Amino acid sequence: MRSGSSLSPLLDRVSSPEELKTLSVEQLPQLAREIRDEIVRVCSVGGLHLASSLGATDLIVALHYVLNSPHDKILFDVGHQAYAHKILTGRRGQMSTIKKEGGLSGFTRVSESPHDVSTVGHASTSLASALGTALARDALGQSYKVAAVIGDGALTGGMALAALNTIGDKQPNMLVVLNDNEMSISENVGAMSRFMRGLQVQKWFQEGEGASKKALSSFSKPLADMLSRVKSSTRHFFDPASINPFAAMGLRYVGPVDGHDVIEMAWLMERLLDLEGPTILHVATRKGKGLDFAEADPIKWHGPAQFDPVTHEFAAAKSSYSWSNAFGDAVTELARLDQRLFVITPAMREGSGLVEYSKVHPSRYLDVGIAEEVAVTAAAGMSLQGLRPVVAIYSTFLQRAYDQVLHDVAIEHLPVIFAIDRAGVVGADGATHNGVFDLSFLRSIPGLSIGLPRDAAELRGMLKGALERGGPVAIRYPRGNTPRAEVGTWPELAWGSWERLKPGGEVVVLAAGKALEYAEAALRDVPGVGLVNARFVKPLDGAMLREVALSARALVTVEDNTVVGGFGAAILEALSALGLSTPVRVLGVPDEFQEHATVERVHALSGMDAQAIRTVLAELGVAVPIEL
C-alpha cells in the first residue's frame, strides 16, 4: 500500500526489495530518512519499539539492497528492530496494526511473510537459526545467501556465543551483522560489552596500505582488495592472527564501521557476501538515530508511551502504579532490613522495576545481561554461601532457565526467590512473550513453593515470608497495575494458606492473581457462590480445599496460565488424592498459543474473564444474570 505522501517520494516508490533495487545507491540515505520518519509516525501511538528500529534502519536498507529476499535469507535477533524490514517487504500499509488484534506482529513471524525467515521474540537465537539455515542450504545443494543481524546486547547470551563457536567450526558461507549500539533495553554489561567499547576507541594499528594488503592477502585476496577504500574511511580490518575473539573462533572479522553510512555498508556487504566462510561485519549504530532526544535517552524511547509525531511531546498519562513498581519498592525496602538479600536480573533493570534498587544497593545488585541461565545458577552459588538471592525475571524468560531452577536450585532446596514479572497473558507482545506456562513447569519441581499475590501488600508479605522461610520460592505477578501498599507494610501470611473472600457453598470459585480480579467482578451481585483467594498454588491449602469440596456441589477454578498442568490441574490432582469427586470446571488459557491483542481481549477469547465465569455458573445451574 502506498500513501502517495509528498513527504516520502522515494518510499512511495518502494514496496518490495525488487523496487528498492530500482533506486541508485546515492538515493539510499534519503530513503532511510523517509523510513525513519514513517517509523516515528507508526510508533507515536505508543507501546512500540522506536529507538531500536530507528537505529537499525540503515543497515536493513543496505541488506535488502544487496540481497534478494525472500530467495536470500535475512534473519533478525529478537525482531523488535525490524520495522524497516517490514516496511520494505510490502507491509507498510499494515504498520498501524502492529501488536493489535489481527494485525502485524511486533517481531518477525514466519507465518506473516515469506521475507520473515524465523519467528522470534527472545534474544540470542539468530546465529543458531542462521547456522541451521546455511547448513540446510548446503545439504540441499541450494545457492541462497544468508545474513543474520544480532545486537551486541544479544551477544551476551550464551546461546549466541555457542552458535559462533559452531559457525567457526563448520565454516558455512554467511554474513553476521553485529549491530553494536551499546544497548539491549538497559545498558549492556559484561566483558564482551567492554571489548566492543575497546574496539571502537582503539588507535588503528595499520602502518600502511601496502603492508596491510599483504597481510590480508594471505587469507583473502578479495578482502585485501577492499582495504584502500575502507582505510580511507577509517575502517579497520583484523586478520585471524589478531587478538580478536571472533577471529579466534574461526570467523573473519570486519569493522567497526559506521552503521549509519548506508552507501558504505551496501558496498561492503555486497563483497563480504561473496567471500568463502563466515564473516562478521561489526557496525556501530545509535539507538534512536534521527531523533536527538531518542539518541540521548534510548532507554526512555525504547518503547515509549503515546507521543505527538510532530512535537514529540508525550500525551497526558494517567497516574498508575505497576506490579513492577510494587516489587521494586518492596525489595528495595526489604534489602535495608536484611543484609543477606541480593537481587539478580538478566538485562531487565527497567522492566522489573529495579532502577531505584540498583542505585540504593549497588553492591547487592547484579545484571548478568541476556543470560537467564547464569542468573539462576549464580543465585544458587550465592545462596550456598549465605546470601538470600532474588532473581527478578519475566515469566517468558524464565522458560530459558528451567534446567537451572530444577538442577542447580531445587535439588538442594536452596533459598532462592524467583520474582516472576509479566506472569500470565501480556497482550500486545503476543505468543513469544505470554507468560502462561510458568505455573505448569514450576509446579512439576519438587519442593518449590508458588505464590500468587492479589495486590502489592500481599506481594510484600510473600517476599518477606519467602526470605524468612528458606527454600526455593516463586512469586508470580501480572503485567499491569495494582493498588499501592503502605511503606513498612509486611502482612504475615501463613505459608500455603488461602483466604475465603466470599461465603457461599452451592458453588465455590477458586482463583488467584489476575484471575481473582475477574472472579470478584463476576460474583459482585451473585449470592450463594463462594470465592476463595487461592494465593498459594504450591502448597495448596489442603484443609480449605477439602472443606469447600465437601460443602459445594461444584468448584470452578480460574487461572491466568495454560490449563495444561496448571492450577486447575493441581486441584483435580489434590481432590483425587483426597478421594473426593466434586465436579470441577477449569477456566484458563487454552492449550494453544495466544496471538497479540489486549490482555482483556485475550482473556475473553480464552474464556476466563468475568463474563466467561458467569456463563459457566449459569451452566452449573446458578441463578445469575449472564450479562455483566
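The preceding data block contains the structure.
These figures come from a predicted structure and were not determined experimentally.

1. Let's talk about the overall build of the protein
Reasoning step 1: When helices and strands are tallied, the protein shows 25 helices and 17 strands.
Reasoning step 2: Intrachain contacts of the protein at a sequence separation of at least 6 include 73% that bridge at least 24 residues.
Reasoning step 3: Of the roughly 24000 Å² of accessible surface on the protein, a fraction of 53% belongs to carbon and sulfur atoms.

2. Looking at the pairing of strand S13 (residues 507-511)
Reasoning step 1: Burial analysis of S13 places 5 of its 5 residues in the buried class, the great majority of the element.
Reasoning step 2: Along S13, one buried face is formed by Val-507, Val-509 and Ala-511 and the opposite face, lined by Val-508 and Leu-510, is buried too.
Reasoning step 3: Here 5 bridges tie S13 to strand S14 (residues 529-533), and the two strands are oriented parallel to one another. By the bridge assignment, Val-507 is partnered in S14 with Val-529.
Reasoning step 4: Where the polypeptide runs from S13 across helix H21 (residues 514-522) and back to S14, its parallel neighbour, the crossover connection is right-handed.
Reasoning step 5: The sheet contact formed by S13 and strand S16 (residues 554-562) spans 5 bridges and is parallel. Pairing of Leu-510 across the sheet is with Thr-557, part of S16.

3. Concerning the pattern of salt bridges
Reasoning step 1: Inspection of every chain in the model, using the stated rule, returns 32 salt bridges.
Reasoning step 2: In this structure, Arg-476 and Asp-438 form a salt bridge, with 2.5 Å as the shortest nitrogen-oxygen distance. With a gap of 38 residues between them, Arg-476 in strand S11 (residues 473-476) and Asp-438 in helix H19 (residues 438-443) connect regions that are remote in the sequence. As far as burial versus exposure is concerned, Arg-476 and Asp-438 are alike and both buried.
Reasoning step 3: One salt-bridge network, held together by shared partners, links Arg-454, Glu-458, Glu-499, Glu-520 and Arg-535.

4. Quick word on the side chain of His-282
Reasoning step 1: Of note, His-282 is situated in strand S5 (residues 278-284).
Reasoning step 2: Here Asp-180 takes part through its side chain, which lies 2.8 Å from a polar atom of the side chain of His-282.
Reasoning step 3: Here the side chain of His-282 touches Tyr-253 through a polar contact of 2.5 Å, side chain to side chain.

5. Considerations on the sheet that holds strand S3 (residues 174-180)
Hydrogen bonding along the main chain pairs the strands of a sheet, whether they run parallel or antiparallel.
Reasoning step 1: Pairing within the open sheet is parallel, and its 5 strands lie in the order S1-S2-S3-S5-S4. One side of each edge strand has no neighbouring strand; the edge strands of this open sheet are strand S1 (73-76) and strand S4 (252-258). Ignoring which end each strand starts from, the neighbouring axes of this sheet average 20 degrees apart.
Reasoning step 2: In terms of strand pairing, S1 meets strand S2 (residues 146-151) through 4 bridges, oriented parallel. Of the residues in S2, the one forming a bridge with Ile-74 is Ala-147.
Reasoning step 3: Set on the sheet, helix H3 (residues 51-66) makes contact with S1, S2, S3 and S5; between it and S3 the angle comes to about 165 degrees.
Reasoning step 4: Where helix H5 (residues 126-139) meets the sheet, its contacts fall on S1, S2 and S3, and the angle it forms with S2 comes to roughly 175 degrees.

6. Digging into the sheet that holds strand S17 (residues 584-589)
Reasoning step 1: Taken in spatial order, the 5 strands make up an open sheet running S12-S14-S13-S16-S17, and their pairing is mixed. Of all strands in the sheet, those with a lone pairing partner are strand S12 (499-502) and S17, marking the two edges. The mean angle between the axes of side-by-side strands here comes to 25 degrees, regardless of whether they run parallel or antiparallel.
Reasoning step 2: In terms of strand pairing, S16 meets S17 through 5 bridges, oriented parallel. Bridge assignment links Thr-557 to a residue of S17, and that residue is Val-586.
Reasoning step 3: Across the sheet, H21 touches S12, S13, S14 and S16, and the angle it forms with S14 is around 160 degrees.

7. A few points about the packing of aromatic side chains
Reasoning step 1: Inspection of the entire model under this criterion finds 9 aromatic pairs.
Reasoning step 2: Consider the rings of Phe-246 and Tyr-253, whose centres lie 5.8 Å apart with planes at 0 degrees: the pair is stacked.
Reasoning step 3: Given a relative accessible area of 1%, Tyr-253 falls into the buried group.
Reasoning step 4: When the ring of Tyr-402 is compared with that of Phe-441, the centres are 5.7 Å apart and the planes differ by 90 degrees; the resulting orientation is edge-to-face. One end of the pair, Tyr-402, is in helix H18 (residues 402-410); the other, Phe-441, is in helix H19, and 39 residues separate them in sequence.
Reasoning step 5: Accessibility expressed as a relative area gives 15% for Phe-441, which makes it buried.
Reasoning step 6: Sitting over the face of the ring of Tyr-144, Arg-137 holds its NZ or CZ atom 5.9 Å from the ring centroid.
Reasoning step 7: Directly above the ring of Trp-490 sits Arg-460, whose terminal nitrogen or CZ lies 4.3 Å from the centroid.

Cut-offs used in this document
Residues numbered from 1 in each chain as written. Predicted model: local features only at pLDDT ≥ 70, side-chain atom pairs only at ≥ 80, totals over all residues. Heavy atoms only, no water. Helix = DSSP H or I, 4+ residues; strand = E, 2+ residues; numbered from the N terminus. Contact = heavy atoms within 4.5 Å. Areas by Shrake-Rupley, 256 points an atom, 1.4 Å probe, with all protein chains shown as cover. Buried < 20%, exposed > 50% of the residue type's maximum accessible area, 1.4 Å probe, protein only. Pairing = 2+ DSSP bridges. Right-handed = clockwise from strand over helix to strand, strands pointing away. Salt bridge = Lys/Arg side-chain N within 4 Å of Asp/Glu carboxyl O. Polar contact = N/O pair within 3.5 Å; in protein donor to acceptor, adjacent residues only side chain to side chain. Axes fitted to C-alpha atoms, helices over the stretch in contact; angles between N-to-C directions. Phe/Tyr/Trp six-rings, centres within 6.5 Å; stacked < 30°, edge-to-face > 60°. Lys NZ or Arg CZ within 6 Å of the ring centre and 35° of its normal.

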